[in-house]
Amino acid sequence: MQRRDILKRAGAATTVGILAGCLSRDGGSPGGSGSESTNTTTTTTTTTADGTTTEEMTTKTGMETTTSTGDGESNLKNGTVKVLSSNCGTPENEASVEVKDSRMVITGTIGGSDSCAIPYLKSTKTDAKTGTYMVTVGTKKKSGTVGCSECLTKIEYRATLTFAGSVPKSVKVTHESMGKSKVVANTDNS
């Protein structure tokens, strides 16, 4: 009688061990809940028609994207975009700009095509003719995501741009999302 109990328990333990090995991915725990780093860094070098070269380094950590740029003309040291909330709902396009010391804070709402859309700083540059600092916030699919809800998404974000010198006095913010472009803020901080 005891022999049968021992064999049943040994068989159950072996089955659990085999299934755990089958469910594990890349040596992690079952279901992929092991500790994986979600930080990625991308460096992009752009040369414009007039020969100006801009190098941009983007680091993504979870729901925050940091951009460091060496554009020289605007004294921008870095910029971060943090998602404040993201929900299925009617997409809106609006933003406000606040300047504090050497920082510019843009708080806004942008639409996304699905629940995996995240905002990012698509471009930052100074208009040579007007001197206006132009910020474009776009949306893209968060890397490594699967199983996105197919719904239009309302994404609230806060972008913080830190400058080495003075903050630009005139700012124009544009949202580019779902194939559309719209100016959402146009301020003069002089």
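In this text, all values refer to a predicted model and were calculated from it rather than measured experimentally.

**Points about the confidence of the model for the protein chain**
Thought 1: Per-residue confidence for the protein chain gives a mean pLDDT of 74, with 60% of residues at or over 70.
Thought 2: The secondary structure element of the protein chain with the lowest average pLDDT is strand S1 (residues 40–47), at 39, and the one with the highest is strand S9 (residues 153–163), at 97.
Thought 3: Across residues 14–62, where pLDDT falls below 50, the model places 56 contacts with residues more than four positions away in sequence or in other chains.
Thought 4: Note that residues 68–72 has pLDDT below 50 and, in this model, 14 contacts with residues that lie over four places away or in other chains.

**A short note on the environment of Thr-174**
Thought 1: Looking at the element boundaries, Thr-174 is found in strand S10 (residues 170–177).
Thought 2: Taking relative accessible area as the criterion, Thr-174 reaches 11% and is therefore assigned buried.
Thought 3: Residues Thr-174 and Ala-185, 11 residues apart in the sequence, show an inter-C-alpha distance of 7.1 Å.
Thought 4: Among all residues touching Thr-174, those that are not within four sequence positions of it are Val-135, Thr-136, Val-137, Ser-181, Lys-182, Val-183 and Val-184.

**Side note on the state of the cysteines**
Thought 1: If you walk through the whole model with that rule in mind, you get two disulfides.
Thought 2: The disulfide partner of Cys-88 is Cys-151, and the S-S distance across this bridge is 1.8 Å. Measuring handedness by torsion sign, the sulfur bridge of Cys-88 and Cys-151 sits at about -65° and is left-handed. Pair noted here: Cys-88 is in strand S4 (residues 76–88) and Cys-151 is in the loop between strand S8 (133–141) and S9, with a separation of 63 residues, a long-range link.
Thought 3: By relative accessible area, which is 16% here, Cys-151 ends up buried.

**Concerning the nonpolar core**
Thought 1: Formed by 23 residues in total, the largest nonpolar core has its most connected members in Met-104, Ile-106, Tyr-157, Leu-161 and Val-173.
Thought 2: Mapped by element, the contributors of at least two residues to this core are S4, strand S5 (94–100), strand S6 (103–112), strand S7 (117–126), S8, S9, S10 and strand S11 (180–188).
Thought 3: Looking at which element gives the most residues to this core, the answer is S9, with five residues.
Thought 4: Those residues in contact with Val-173 that sit more than four places away from it in its chain are Ala-95, Val-97, Ile-106, Val-135, Tyr-157, Lys-182, Val-183, Val-184 and Ala-185.

**A short note on the sheet that holds S8**
Thought 1: Taken together, four strands build an open sheet; the order of strands is S7-S8-S10-S11 and the sheet is mixed. The sheet is open, and its two edges are formed by S7 and S11, each paired on a single side. With direction set aside, neighbouring strand axes in the sheet form an average angle of 20°.
Thought 2: In this sheet, S11 lies alongside S10 in antiparallel orientation, the contact comprising eight bridges. Across the sheet, the residue bridging to Thr-174 is Val-183, located in S11.

About the criteria used
- Counting restarts for each chain: residues are numbered from 1 in the order of the written sequence.
- Only residues with pLDDT of at least 70 are given local features in this predicted model, and only at 80 or more are side-chain atom pairs given and counted; all residues enter the totals for whole chains, interfaces and linings.
- Water and hydrogen atoms were dropped before computing side-chain values, which therefore reflect all heavy atoms in the structure.
- Per residue, pLDDT captures the predictor's confidence, and it can take any value from 0 to 100.
- Put simply, DSSP marks the helices as runs of H or I at least four residues long and the strands as runs of E at least two long, and each gets a number from the N terminus on.
- In what follows, a contact means two residues having at least one pair of non-hydrogen atoms within 4.5 Å.
- Type-normalised accessible area, obtained with a 1.4 Å probe on protein chains alone, sets the label of each residue: buried when under 20%, exposed when over 50%, and partly exposed for intermediate values.
- The disulfide definition used here is simple: a pair of cysteine sulfur atoms within 2.5 Å.
- Here, nonpolar core refers to any group of buried Ala, Val, Leu, Ile, Met, Phe, Trp, Tyr and Cys residues whose side-chain atoms link them within 4.5 Å.
- Think of it this way: DSSP has to see at least two bridges between two strands before they count as a pair.
- The angle between two axes is taken between their N-to-C directions and runs from 0 to 180 degrees, where each axis is a line fitted to C-alpha atoms and a helix contributes only its stretch in contact.

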